[in-house]
Amino acid sequence: TEAASADGKKLLQEMIEGARKEGQLDVMITSSAGEKGGRELTTAFKRRFGLESLNISPDLSGQESQKFNRAVAEAKSGIPPTFDLMQGEAANVLSLMDVGGAERVENWQAVLAEAVPEAFKIKEKVSPETLAGWGFLWSTRTVALLYNPKLISEGDLPKTWKQKGDPKYRGAFSMPPWISALLMGILKYDKNEWLEIVRALGRNKRQVFTYDAAAQRMLLGDLKFFYGNADIYFDQKLRDPSAPIAETFFEDLTTMRQVLYVVRKGTKHPNAAKLFALWATSAEANEIFERHAYIENLVLSKGPISQKIAKVLKDRNIKVWSWFDSPETVAKFQWFESSEGKEYAKLVARAQKDGK
């Protein structure tokens, strides 16, 4: 309505003026964007809202989990936040919310409608249930099976997570040092059955590597395959079109994790932080993220990388699961905050590490 539009214009202008007075923004930006990408991103943001005088200090050092652990400790201790604005997966955002370390963006829908209309059209996905108004999605992480076609054919790869536990794959792949993707197994499988699957993976794995390190070891021929984010394939192919890397997807469970921006409670620059969080959901921001960091956003699906991944999934009729598909999946996500859920997560971590 016209009244809602007028409210949105007024609230957006107040946010812009507030950011101008604050004069500073300390923000996490994905490390894969690099200095050039970070600079282009912050420049585009300032230009979009006429904030050329705003000083933005982008942190491109990565280490998302460590930074959230520190933010949780800051919130518990009442220490002023290191960052005004943080980016992380939904579980990290929730952990910050749970200790009162996050600040909700009031009237976010009205401001989003005015500032980023393309994101407002899918607002339930951009700021999903339980995180609505707290977290704002700027990218997604879809799990793919990445492999070296010189070492193994697509036909010889495991089709499911369960098949990956077959002893014939022992030593063929690595596992990451985190469990965020593995926890999503309970979306499809019974908890006990899934734990046994992870134990088999833990026994079969060759080593523990981050996704980037695993990609390098696979290109060198040390690994035949590994699971990682689907956009890794595009990153490697853009660097070297002849790189021996291909990707496919698990038939039983292909998952997508949401990556969101969250404003820190107690920040000295709340308006600048909120404005950037909302703008990061835009097609303009997504284009820069995709061009410099090769990062997907399957929710917005505007950029070339996102569209290619979406097409492959559609052509192969592969369902993508996420924590925010339904009230039932949200409940499973929230279960990990219970004492029982936390104990289960520890068992999954041990299973991945030791196969026990």
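Our structure's up above, just so we're on the same page.
To start, this report covers the structure provided alongside it. Position labels on residues start from 1 in each chain and follow its written sequence. Local features in this predicted model are restricted to residues of pLDDT 70 or higher, and side-chain atom pairs are both shown and tallied only at a pLDDT of 80 or more, whereas totals for entire chains, interfaces and linings draw on every residue. The basis for every side-chain value is the complete set of heavy atoms in the structure, and neither hydrogens nor water enter the calculation.

Attention now goes to the overall build of the chain. What counts as a helix is a DSSP run of H or I of at least four residues, what counts as a strand is a run of E of at least two, and both are numbered from the N terminus. Of the regular secondary structure elements, the chain holds 15 helices and 10 strands. In terms of overall size, the chain behaves like a compact globule, its C-alpha atoms giving a radius of gyration of 21 Å where 356 residues would be expected to give roughly 21 Å. Principal axes of the C-alpha set define a box for the chain whose edges measure 60 × 45 × 40 Å. Sequence-distant contacts, at least 24 apart, represent 78% of the contacts inside the chain between residues at least 6 apart. Carbon and sulfur atoms make up 50% of the accessible area of the chain, which amounts to about 15,600 Å² in all. Two residue types count as positive, namely Lys and Arg, and two as negative, namely Asp and Glu; His and chain ends fall outside the count. For the purpose of locating charges, the reference atoms are NZ of Lys, CZ of Arg, CG of Asp and CD of Glu. Here the chain carries 51 positive and 46 negative side-chain charges, and the mean point of each set is 4 Å from the other. Computation of the radius of gyration draws on C-alpha atoms alone. For the globule rule, the value is 2.2 Å times the number of residues to the power 0.38. Contact criterion: two residues are considered in contact whenever any of their non-hydrogen atoms come within 4.5 Å of each other. Every accessible area reported is derived by Shrake-Rupley at a probe size of 1.4 Å, with residue values counting cover from the shown protein chains alone.

This part is about helix 15 (residues 339-354). Its 16 residues give helix 15 an end-to-end C-alpha distance of 22 Å, which sits within 8% of 22 Å, the value for a rise of 1.5 Å per residue. The inward-facing, buried residues of helix 15 abut helix 8 (191-204), strand 7 (225-229) and helix 14 (327-335). Downstream of helix 15 by a residue or two, Gly-355 has a phi angle that is positive, lying close to 70°. Here the expected length of a helix is defined as 1.5 Å per residue gap, with one fewer gap than residues.

Right, let's get into the pairing of strand 7. As a general feature of sheets, a regular strand has side chains that alternate between the two faces. Three labels apply to residues, based on accessible area from a 1.4 Å probe with only protein chains included: buried if under 20% of the type maximum, exposed if over 50%, partly exposed otherwise in between. Counting buried positions along strand 7 yields five of five residues, so the element is predominantly enclosed. Sheet analysis places strand 5 (residues 135-147) next to strand 7, joined by five bridges and oriented antiparallel. Within strand 7, the position partnered with Leu-145 by the bridge is Tyr-227. Direction of pairing for strand 6 (residues 173-174) relative to strand 7: parallel, over a ladder of two bridges. Looking across to strand 7, one finds that Phe-173 is bridged to Phe-225. DSSP calls a pair of strands paired once it identifies at least 2 bridges connecting them.

A few words on helix 11 (residues 270-279). Helix 11 sits mainly inside the fold: nine of its 10 residues count as buried. The set of residues buried in helix 11 consists of Pro-270, Ala-272, Ala-273, Lys-274, Leu-275, Phe-276, Ala-277, Leu-278 and Trp-279.

The next point concerns the side chain of Ser-282. Summarising the element assignment, Ser-282 is placed in the loop between helix 11 and helix 12 (283-293). Note on Ser-282: relative accessible area 4%, which makes it buried. The definition of a polar contact used here is a pair of N or O atoms within 3.5 Å, where within protein one atom must be able to donate a hydrogen and the other to accept one, and adjacent residues in sequence count solely through side-chain atom pairs. Within polar-contact distance, the side chain of Ser-282 engages the backbone oxygen of Trp-279 at 2.7 Å. Other than its neighbours up to four places away in sequence, Ser-282 contacts Val-116, Glu-118 and Leu-300.

Let us now look at the packing of aromatic side chains. By convention, a stacked pair of Phe, Tyr or Trp rings (six-membered ring in the case of Trp) has centres within 6.5 Å and planes under 30 degrees apart, an edge-to-face pair has planes over 60 apart, and any other such pair is tilted. As enumerated under the stated definition, the model contains 23 aromatic pairs in all. Ring geometry for Phe-45 versus Trp-279: centroids 5.6 Å apart, planes at 55°, classification tilted. With Phe-45 in helix 2 (residues 34-49) and Trp-279 in helix 11, the pair connects residues that are 234 residues apart, well separated along the chain. Accessibility assignment for this pair places Phe-45 and Trp-279 in one class, buried. Ring geometry for Trp-161 against Trp-194: centres 5.7 Å apart, planes inclined by 75°, an arrangement best described as edge-to-face. Here Trp-161, found in the loop between strand 5 and strand 6, pairs with Trp-194, found in helix 8; they are 33 residues apart in sequence, far enough to count as distant. The residues Trp-161 and Trp-194 share a single accessibility class, namely buried. These aromatic residues form a ring-pair network of at least three members: Phe-45, Phe-49, Trp-138, Tyr-261, Phe-276, Trp-279 and Phe-289. Both a distance and an angle decide whether a charge sits over a ring: NZ of Lys or CZ of Arg must be within 6 Å of the ring centre and within 35 degrees of the ring normal. The ring of Trp-335 carries the charged tip of Lys-191 above its face, separated from the ring centre by 4.5 Å. Over the ring of Trp-321 we find Lys-319; its NZ or CZ atom is 3.8 Å from the centre of that ring.

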